[in-house]
Protein chains: 2
Amino acid sequence: MVVERTQICRPLRKDAERNRQRILQAARILVAQHGLGVSHDQLAEAADVAVGTVYRRFPDKDSLLEALFVDEMDQVMRIARAALENPDPWQGLVCFVTQSLELQAGNRGLKEFLMHNVTSDAMSACRADLIPMLDRIVARAREAGVVRPEVTTYDLGMIPLMLGPVMDGCRAVQPDLWRRPLEIVLEGLRACPERDRLPAAELDTDGFLEVMRCAHVSTSRR
Amino acid sequence: MVVERTQICRPLRKDAERNRQRILQAARILVAQHGLGVSHDQLAEAADVAVGTVYRRFPDKDSLLEALFVDEMDQVMRIARAALENPDPWQGLVCFVTQSLELQAGNRGLKEFLMHNVTSDAMSACRADLIPMLDRIVARAREAGVVRPEVTTYDLGMIPLMLGPVMDGCRAVQPDLWRRPLEIVLEGLRACPERDRLPAAELDTDGFLEVMRCAHVSTSRR
DNA sequence: CCGGAAGTGGAGAGCTCTGTCAACTTAGAA
DNA sequence: TTCTAAGTTGACAGAGCTCTCCACTTCCGG
């Protein structure tokens, strides 16, 4: 949980380090709740520092976000590793997808960050590690014959893209609703579908409309 | 194509009506290309009128968008009707989903409009007509045993939500890419999956990243 | 406990967006 | 042709955002 600072240069002064932690702490909460769209003003107020201080610590928004999501990125990697160690290739694949989505379901900012901040150095490095693991997860499932033979890593990669709006939409209405469309997608990938009962279904028209309404209110940048 | 004006009061003066059409024409192109985020300034410039004129014709952005999408909404209804007339319940369902998504794939603004502008009167009326038709499309498929028995109208409703970001992401890279994840979802809904070959697959890492990058750049409002 | 380097606060510049308004122009009825 | 209601223009107000700057404060090594 504690965010270490990569210290090439001299360490921060005591008060500066304390403020840095306060900013990250505030950002962690606000961004998880409201997504990447939170302004530096809001952040500064929540951290009880001035905007200038935020900018001194984090030259721009991206560097703040990167510092913020180091941990989460690491966790995605851990999930992928665990998935590969699962003796059942299908369960491994399902675990990876489900668990990494659970991470995003509870954190709007993380979801948006993973989705759009694809150009940063830290992300590139992380991806360089992650993609081969996904390749192996998919290849293993394919070789075991548990997914359709045409399924690729990119099919897996599309899943967060597809479920992002669903998660955003249902977060306030019924936070677990996304598990149902996920189940549908997973069944679509499966070689020999086993029709388990679909999860989380009770939804009326108003609920559905609420989901639609909330699905695309996310702010966006760049 | 020509947008009729609901004329409760006196008709517009000739020059005003001409400007109104110019604004709609410009908006149709810009919004299809760039989504709902286009500003009134851009619109005004493209229509070769002043911002004030745009605001005089359309008191706010929503009323402009509504005038803009009357036709498209109508077309969704036509697609639903045609789907119900298809003798094959599965083909009917597939046709509805595919064709309404095709409509959105070519028009970023329409996609965003359908997704988020759920509170307007015109939309409410339209929905009141549309939902019973979807109910029938789904019920028919369920009764014929071609979809899993738990499938609901809302499962169908989630599909545009899920494919929206995929369509946005792939529009510039490979405009038909969304058909592949759609196929996966449809297979997931199917009672007895028939594993046809998946469509449109050639994608490399760079292409995939580009899709991710573009997927969430859509502007949002409200 | 002193001096200077490091850090802070917050006003404000500069941008983009939505929407308004008063001075000007024009269509079209009489 | 004249007159006026209808329409147009574009500068501008106001809000929100990102980021800067510099006078002021605080830390901490000597």
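Residues numbered from 1 in each chain as written. Chains lettered and ligands numbered in written order. Predicted model: local features only at pLDDT ≥ 70, side-chain atom pairs only at ≥ 80, totals over all residues.

Caption draft 1: View of the UniProt feature "domain: HTH tetR-type" (unreviewed entry) in chain A. Summarizing the sequence annotation, UniProt attributes the feature "domain: HTH tetR-type" (unreviewed entry) to residues 17–76 of chain A in the numbering used throughout. For residues 17–76 of chain A, the helix share is 82%, the strand share is 0%, and the end-to-end C-alpha distance is 27 Å. (UniProt positions renumbered as here; feature names shortened; annotations may be inferred. Helix = DSSP H or I, 4+ residues; strand = E, 2+ residues; numbered from the N terminus.)

Caption draft 2: Highlighting the protein's contact with DNA strand D. Within the structure, DNA strand D sits among 22 residues, and Lys14(A), Ser39(A), Gly52(A), Asn19(B) and Gly52(B) are positioned closest to it. Looking at the surface near DNA strand D, the elements that each hand over two or more residues are helix 1 (14–34), helix 2 (40–47) and helix 3 (51–57) of chain A together with helix 1 (14–34) and helix 3 (51–57) of chain B. Looking at which element gives the most residues to the surface near DNA strand D, the answer is helix 3 of chain B, with four residues. Grouping the amino acids of the surface near DNA strand D by side-chain chemistry returns seven nonpolar, six polar and nine charged. (Near = placed C-beta within 6 Å. Nonpolar A, V, L, I, M, F, W, Y, C, P; charged D, E, K, R; others polar.)

Caption draft 3: Spatial organisation of the protein's contact with DNA strand C. Taken together, 22 residues lie near DNA strand C, and Ala50(A), Gly52(A), Lys14(B), Ser39(B) and Gly52(B) sit nearest. Breaking the surface near DNA strand C down by element, the ones donating at least two residues are helix 1 and helix 3 of chain A together with helix 1, helix 2 (40–47) and helix 3 of chain B. Per element, the largest residue contribution to the surface near DNA strand C is four residues, and it comes from helix 3 of chain A. Of the residues belonging to the surface near DNA strand C, the class tally is seven nonpolar, six polar and nine charged.

Caption draft 4: Focus on unusual backbone geometry. Residue and element names in this part refer to chain A. Its identity as a non-glycine residue notwithstanding, Asp 48 has a phi of 60°, on the positive side. Within the element layout of this structure, Asp 48 appears in the loop between helix 2 and helix 3. You can call Asp 48 exposed: it has 11 C-beta atoms within 10 Å. (Buried ≥ 20, exposed ≤ 12 C-beta atoms within 10 Å, placed from the backbone.)

Caption draft 5: Inspection of the domain arrangement of chain A at higher detail. All names here are of chain A. Domain boundaries assigned for chain A yield domain 1 (14–59) and domain 2 (69–215). On a C-alpha basis, the centroid separation for the pair domain 1 and domain 2 is 29 Å. Listed by partner, the interface residues are six residues for domain 1 and five residues for domain 2. Residues belonging to the side of domain 1 that touches domain 2 are distributed by class as follows: three nonpolar, three polar and no charged. (Domains from an automatic or database assignment. Contact = placed C-beta atoms within 7 Å.)

Caption draft 6: Representation of the UniProt feature "DNA-binding region" (unreviewed entry) in chain A within the structure. As recorded in UniProt, the sites labelled "DNA-binding region" (unreviewed entry) are residues 39–58 of chain A. Here residues 39–58 of chain A runs as 75% helix and 0% strand, with 13 Å between its end C-alpha atoms.

Caption draft 7: Inspection of the environment of Glu45(A) at higher detail. Along the chain, Glu45(A) turns up in helix 2. Measuring from C-alpha to C-alpha, the distance between Glu45(A) and Asp204(A) comes to 39 Å, with 159 residues separating the pair along the chain.

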